[in-house]
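In case you want the letters, here they are:
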Amino acid sequence: MKVTNSSTERRTASEYQSGSIFRGCSVESGAVVPMAPSKLNYRVSVLTFFAKAHPNDECCGTNGLPLTPNSIGIFGRAQLLKSDALRHEHLCTYLDAIRGKHGKVPGTHWYMRKRTIIVQEYVGCPLAETFIGENNKQETLLRIGYQVLAALVHLNRCGLVCRNLDPTSVLVSRDFGVKLYNYGLYHMTGGGRYVSFPIGNVRYQAPEVLLGSRANAKSDVWSLGIVLAELALGCTLWESLKLSQIVRKVLSLVNTQHAVFEKLAREHNRLEVYEAMDAGLRRIIEECLTISPRRRPLAKEALEDPVFDFVRLSSSSSSPAAASDAIGGGQTLVEKHLSLSQIYYLWQLAGGDVQQELKKEGLIKSEAPILSLPNLVMLNGRSISPPKSQSVLHDHRIIFLNFGTLLERLSGIPEEDYLPLIYSTDAYLESANFKTVLPLVIRERDMLYQFHRLVLLNTLLHGYPYTHDLLRSFAAKDIPPLCRGQVWACLLGVVPNGAYERLDKCSPTHTDRQIEVDIPRCHQYNELLSAPEGHAKLKRLLKAWVAAHPQYVYWQGLDSLTAPFLYLNFNDEERAFLSLYRFIPKYLHLFFLKDNSAIIKEYLVKFFQLIFFHEPALANHLHGISFIPELYAIPWFLTMFSHVFPLHKIFHLWDKLILGDNSYPLFIGIAILRQLKGTLLKSGFNECILLFSDLPDIVIESCVNDSETMYQFTPKSITYRKFALHEEGPEEFDLNYTEEDLREVQAELHPRISVYDLIRLLRDRPASTAILDIRSSPDYRKVAIENSINVPFASVSLKEPRLEALNVPRLEAYLRRHPLITVIVSVSHESAMLFAKFLVDSGVPYVAVLHRGFEAIYRPDDKLILQTFDYINTLAKHLTPIGSFAASE
């Protein structure tokens, strides 16, 4: 492995051996080369390779769909390497896997789409370039062997094998702490199927691997044995031989009559070193180099060998502080409070671009795209092309990212900002760090703003579930993209309980066929969800949800609902499943029944009523051309818009949706219609059908802001649905519909409001509430709500939808004062609905009818009482003008 760096300076071997410059250095051609200066105790490396292209005769799979590019397969499999489950003290952390895109770097070829870029932690120097001193050499080798075995045990526990173990993939720190590097190449390439180059160094491959064995965990133990044998003997095995000769040498070991380690020592004239070696070290190397895989120990078995007892003892007695210093010094302030993945994320926001760094170091070369075009294409699809460019061949070189710009920008942040103390939510959000009017898309790219958000949410997420309410308050501002999946789960009340693991996700069911049809069509523009790993995970999640809900059936659209949760929690299927499990009852209660017609009908009726409430002119037009919500809105609400918008828009939309109740999606629908209002008002039925068959681009930030404004403005009872799952008690709505009420409501165009909400409006927003009492004048003079306006229904001419026709002075100016909620009170519900239609036809917005009319407020036999719940009645006695009626003789 070659290490590239722009600045080089030679140092003597004695300096290197002393360890004085060990941290942040590399060796090239026997000389030590210091890396670029950095305040971090580790480096972040970048390496790149190309995926193998499919043959020309394999353009489609068995399902008739185009084959998934191998680069997508690599991208999907690489996600596991970034998971928290793979974190280990002896494994370098994978930070990112990037699939090259055509046109990303100017002047690059179309085959950039096949390029994969891997970003990974890099601590210390490769074992191949490290000189181990003579003092305590054998003890040092055992320490190295122990740490490598511990790393292999963890990999095996996670279902992985390394298959790429050699001295270049073992990184050693100043005090010989070990981390495995690039250990995931075999896994991410599908065992080498997705690339055209072999995985691993032949010199260190086990004989069974060269004979075709795959995914054998014991092969890594052999590779470790060869590495330790080279270090113990002080030479590189078969250094001067060609590749084919090395293969024959490795395979010839199968027929050896002596111990493999002894044969290697004899062959390289190191028999004296072999015989003088410590018996324990010699025994463990010989066990690792056992020819038969069945008799060769597993990594966990080799780790239990008594020869490692002194290492275990010293490891258990070492202090945490010493462990943190093992990579070259105490932690910096940034490292102490931010994870490596968060630091890398902030580096990108600070202007870091991995592909530009590769191009700058020469690992991405610009050539004219015409040079890659075929010279001739045969009728059978075979192409005759020019020789392949050298830039697409496998390159072992790595580069290191420079974090200087990021650290310089973070250096001005005071230490107390790393440990935020939250005394008051409102005060904290109004602080200089968060008080901004910039659009959300700008805030998400502001490095300093995201730094403060990450530090804050680190604190709150560590305190969950006790910090649930604080999380809601801060999430209302915005949610950092890096921790969106985790925050969503907390807002939904997700607490992992192991239920996902217990569900049957393998047995065939009658829904499998439909699931298999839906998955290849679900957000396939997204590289992660289009990968085979994404398909497999999505299928498991859908089957788990079906298994957990035997009372429901699988409806098309469930895959689109699942996709955002899977994308954000790709390496945590349980969290993705539990988020979906909590999300559906909250917003789609009973939607997945076999017969969901009543639920869908009620939902769409309420949606149409809210259009009349907020956009009366548009509602009248749509109603007039019979363009009802059933024709366009079912996919919206059945998938919570995840089938309508791409994922990056869904994230911003659901950030607000998850904070709202089950009525919030209705306002998103109205916000969409508002953006299309100008076109819809000029369109007939056919034009509307064509418009919604290919929905125009929607400005998602306007949609989010409009829906939030309408949601906060609209009284809750106006959005009440009988079939919704209400977190509040019935007193929140006072709308316990009977079956007859439900039938009446579904035939109405205008919403009802409860007495409870009327009380709250008069208490909280009296200047924004108008009460029109349409009873007769004698009845009104007997008893009436204070400040209400009497418009006797008998005097209204319904044929003239003009406010001037009411002959009430200044009423028109009063009702058109925005925003003003107009509540109609009557003793006849039918009359109230007709009058509501009159007002809406006259262009008055925000019109609602009091549920149960004046009888809900006043009954002659009960004097002046509120026919609601006791605590509302009690409240009314202490509020003005609630419960205050003007009685006249």
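Numbering of residues starts from 1 in every chain and runs along the sequence as written. Whole-chain, interface and lining totals are the exception, using all residues; otherwise, since this is a predicted model, local features are given only for residues with pLDDT of at least 70 and side-chain atom pairs are given and counted only at 80 or more. Side-chain metrics rest on all non-hydrogen atoms present in the structure, leaving aside hydrogens and water.

As annotated in an unreviewed UniProt entry, the protein chain carries the name TBC domain-containing protein kinase-like protein and comes from Anopheles melas.

*Asks:* Could you give me a rundown of the confidence of the model for the protein chain, with the residues and numbers involved?
*Replies:* With 84% of its residues at a pLDDT of 70 or more, the protein chain shows a mean pLDDT of 84. Values of pLDDT, ranging from 0 to 100, describe the predictor's confidence in every residue of the model. The contact definition used throughout considers only heavy atoms, calling two residues in contact when any of these lie within 4.5 Å. Contacts for the low-pLDDT stretch residues 319-329, under 50 throughout, to residues beyond four places or in other chains number 17 contacts. Low pLDDT (under 50) marks residues 862-889, which in the prediction has 50 contacts with non-local residues, meaning those over four places away or in another chain.

*Asks:* Tell me what's going on with the sheet that holds strand 4 (residues 94-99), and back it up with residues and numbers.
*Replies:* Here, a strand pair is defined by DSSP locating no fewer than two bridges between the strands. Strands are runs of DSSP state E lasting at least 2 residues, helices are runs of H or I lasting at least 4, and numbering of each runs from the N terminus. In spatial order, the strands read 4-5-3-11; together these four strands make up an open sheet with antiparallel pairing. On the outer flanks of this sheet lie strand 4 and strand 11 (399-400), each paired with one strand and no other. Pairing geometry for strand 3 (residues 43-50) and strand 11, over two bridges, is antiparallel. Bridging across to strand 11, valine 46 finds its partner in isoleucine 399. Sheet strands touched by helix 2 (residues 70-78): strand 3, strand 4 and strand 5 (115-122). Its angle to strand 4, the strand with the most contacts, is close to 160°. Simply put, an axis is a line fit to the C-alpha atoms, just over the touching stretch for a helix, and the angle between two N-to-C directions goes from 0 to 180 degrees. Most of the contacts of helix 15 (residues 340-349) go to strand 4, to which it runs at about 45°, and overall it touches strand 3, strand 4 and strand 5.

*Asks:* Run through helix 30 (residues 616-624), naming residues and quoting values.
*Replies:* Only protein chains enter the calculation, and the probe is 1.4 Å; a residue is then buried if its accessible area is under 20% of its type maximum, exposed if over 50%, and partly exposed in between. Residues Pro616, Leu618, Ala619 and Leu622 constitute the buried set of helix 30. Looking down the long axis of helix 30, one finds its buried residues gathered within 160° of arc, a one-sided arrangement. Looking at the buried positions of helix 30, the neighbouring elements they touch are helix 29 (597-614), helix 33 (664-675), helix 34 (677-681) and helix 41 (829-841). One or two steps after helix 30, the chain reaches serine 626, where phi turns positive at roughly 60°. Arc definition: directions from the helix axis to the C-beta atoms.

*Asks:* Outline the pairing of strand 5, supporting the account with residue identities and numerical values.
*Replies:* Of all the eight residues making up strand 5, eight are buried; the element is thus mostly covered by neighbouring parts of the structure. Every second residue of strand 5 is oriented toward a common face, with Arg115, Ile117, Val119 and Glu121 on one face and Thr116, Ile118, Gln120 and Tyr122 on the other, all of them buried. Bridge analysis of strand 3 against strand 5 gives eight bridges, and the strand direction is antiparallel. In the strand pairing of strand 5, threonine 48 is matched with isoleucine 117. Summarising the sheet, strand 4 and strand 5 pair through five bridges and their orientation is antiparallel. Paired with alanine 97 across the two strands is isoleucine 118, which belongs to strand 5.

*Asks:* Can you lay out the pattern of salt bridges for me, pointing to particular residues and giving the numbers?
*Replies:* Pairing between side chains becomes possible if they bear opposite charge and their charged atoms approach one another. Salt bridge, as applied in this entry: a Lys or Arg side-chain nitrogen positioned within 4 Å of an Asp or Glu carboxyl oxygen. This structure, assessed with the given rule, holds 32 salt bridges. Residues arginine 752 and glutamate 748 are paired through a salt bridge, measuring 2.8 Å at the closest nitrogen-oxygen approach. One exposure class covers both arginine 752 and glutamate 748, and it is buried.

*Asks:* Give me helix 41: which residues, what numbers.
*Replies:* Expected helix span is taken as 1.5 Å per residue step, with the number of steps being one fewer than the number of residues. With 13 residues, helix 41 extends 18 Å from end C-alpha to end C-alpha; this agrees with the ideal 18 Å at 1.5 Å per step. Those residues of helix 41 lying buried are Ser831, Ala832, Met833, Phe835, Ala836, Phe838, Leu839 and Val840. After helix 41 finishes, the residue glycine 843 shows a positive phi value of roughly 90°.

*Asks:* Can you tell me about the pairing of strand 15 (residues 821-825), naming the residues and giving the values?
*Replies:* Counting buried positions along strand 15 yields five of five residues, so the element is predominantly enclosed. A two-sided burial pattern is seen for strand 15, the buried positions comprising Ile821, Val823 and Val825 on one face and Thr822 and Ile824 on the other. Bridge analysis of strand 13 (residues 769-773) against strand 15 gives five bridges, and the strand direction is parallel. Opposite isoleucine 771, over in strand 15, you have valine 823 as the bridge partner. Pairing between strand 15 and strand 16 (residues 847-850): three bridges, direction parallel. Of the residues in strand 16, the one forming a bridge with threonine 822 is valine 847. With its strands directed away from the observer, a crossover is right-handed exactly when the path from the first strand over the helix to the second travels clockwise. In this view, the connection linking strand 15 to its parallel neighbour strand 16 by way of helix 41 has right-handed handedness.

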